[in-house]
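Structural overview for review
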Amino acid sequence: KLLVVPVDGSHWLSMREVLDMLHQKGHEVVVVAPEVTMHIKPSQNFVMKVFSVPYTQEEMEKGFKAFFQVSFEEGLFFERFLKVYKGMKRITEFGVSSCEHLLQNKELIRYLEKSNFDAILTDPFIPCGAILAEHLSLPSMYFLRGIPCGLDFDATQCPKPPSYVPRVFTHLSDRMSFLQRVKNLLVDIPNVFLCDFAFQPYSKLASEFLQREVTVLDLLRKGSVWLLRLEFVLDYPRPLMPNIIPIGGVNCAHKELPQ
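Residues numbered from 1 in each chain as written. Predicted model: local features only at pLDDT ≥ 70, side-chain atom pairs only at ≥ 80, totals over all residues. Heavy atoms only, no water.

1. Some points on the packing of aromatic side chains
- Counted by the stated rule, this structure contains six aromatic pairs.
- Consider the rings of F64 and F94, whose centres lie 6.3 Å apart with planes at 20 degrees: the pair is stacked. With F64 in helix α2 (residues 57–69) and F94 in helix α3 (residues 77–103), this residue pair connects regions lying 30 residues apart in the sequence.
- In this structure F64 comes out as buried when scored by relative accessible area, which is 15%.
- When the ring of Y142 is compared with that of W226, the centres are 4.8 Å apart and the planes differ by 80 degrees; the resulting orientation is edge-to-face. Taken together, the positions of Y142 in strand β5 (residues 140–144) and W226 in strand β6 (residues 225–228) put the pair 84 residues apart, joining distant regions of the chain. Assigned by exposure class, Y142 and W226 land together as buried.
- A connected cluster of aromatic rings, assembled from ring pairs, spans Y55, F64, F68 and F94.
- One cation-aromatic arrangement involves K1 over F117; the distance from NZ or CZ to the ring centre is 5.3 Å.
- Sitting above the plane of the Y164 ring, R181 keeps its charged end 5.3 Å from the centroid. (Phe/Tyr/Trp six-rings, centres within 6.5 Å; stacked < 30°, edge-to-face > 60°. Helix = DSSP H or I, 4+ residues; strand = E, 2+ residues; numbered from the N terminus. Buried < 20%, exposed > 50% of the residue type's maximum accessible area, 1.4 Å probe, protein only. Lys NZ or Arg CZ within 6 Å of the ring centre and 35° of its normal.)

Right, here's the structure in full:
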């Protein structure tokens, strides 16, 4: 019996493929999602439990469209960084608000407590599922492409030295000159502030809900299995811990191409 706490958007589209297969194998799947979503819809392959949120469909879609548009814009690194920062702030507000209303929904939390789940499958990009896993004392399986500011590296203790691992938006390869390595290191510095900004609200939520001081990193470190949607044909090779499993192919729809 599996509890699923997904992240909306493209994150969900990959996870849904996995849930359909789990259902075919006879597993009982319960998905918890906000009433306002882009892609998370009811299905005969799982039970869906919804909770109310204080924002509308139009507000959410407007915020996401503005955030995604930045990916297609060109310009100086710091100009793009500021735009990403502003967009990330808006997206974070949606995620935090959704998580807060889930944790405050006493009726739904009581249902989850009495349901005797065996495990939880969640995307830690929004760590609400990790908070629930700790509260329900469930082993957690993380299904992800990555977490902002490299928090997944820190939680799994995987090395990511800036001398060899190019950072996002730098357009560098893993073969860098000395000056490029310096640039890569400098680009990595703002991630410290981004990380604190993006996840501090969830640390506060978790501490209030669990009634003890806890950080998002503390919660993520307890992940039992990390299913990384990585493929080293596309991504730079990196060290992996024994509980990290690359499943890059799950992103691809297995359809036969026309002639």
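2. Details of the side chain of N45
- Note on placement: N45 falls in the loop between β2 (29–34) and β3 (47–51).
- At 2.9 Å, the side chain of N45 forms a polar contact with the side chain of D20.
- Look past the residues within four positions of N45 in its chain and what remains in contact with it is D20, H23 and V29. (Polar contact = N/O pair within 3.5 Å; in protein donor to acceptor, adjacent residues only side chain to side chain. Contact = heavy atoms within 4.5 Å.)

3. Describing a nonpolar patch on the surface
- Together, F178, L179, V182, L186, I189, V192 and F193 give the surface a local cluster of nonpolar side chains, amounting to about 780 Å² of exposed area.
- Looking at the nonpolar patch, the elements that each hand over two or more residues are α7 (178–188) and α8 (190–210).
- Here the element with the most residues in the nonpolar patch is α7; it accounts for four residues.
- Here I189 lies in the loop between α7 and α8.
- A residue is classified by how much of its surface remains accessible, and I189, at 44% relative accessible area, is partly exposed. (Patch = residues over 30% accessible without salt bridge, like charges linked within 9 Å, V, L, I, M, F, W, Y side chains within 5 Å. Areas by Shrake-Rupley, 256 points an atom, 1.4 Å probe, with all protein chains shown as cover. Salt bridge = Lys/Arg side-chain N within 4 Å of Asp/Glu carboxyl O.)

4. A short note on the environment of R145
- Looking at the secondary structure, you find R145 in the loop between β5 and α6 (151–156).
- Residue R145 is classed as partly exposed on the basis of its relative accessible area, which comes to 35%.
- Each C-alpha atom of the pair R145 and L82 lies 23 Å from the other, and the pair is 63 residues apart in sequence.
- Ignoring any residue separated from it by four or fewer positions in sequence, one finds R145 in contact with R229, L230, L234 and D235.

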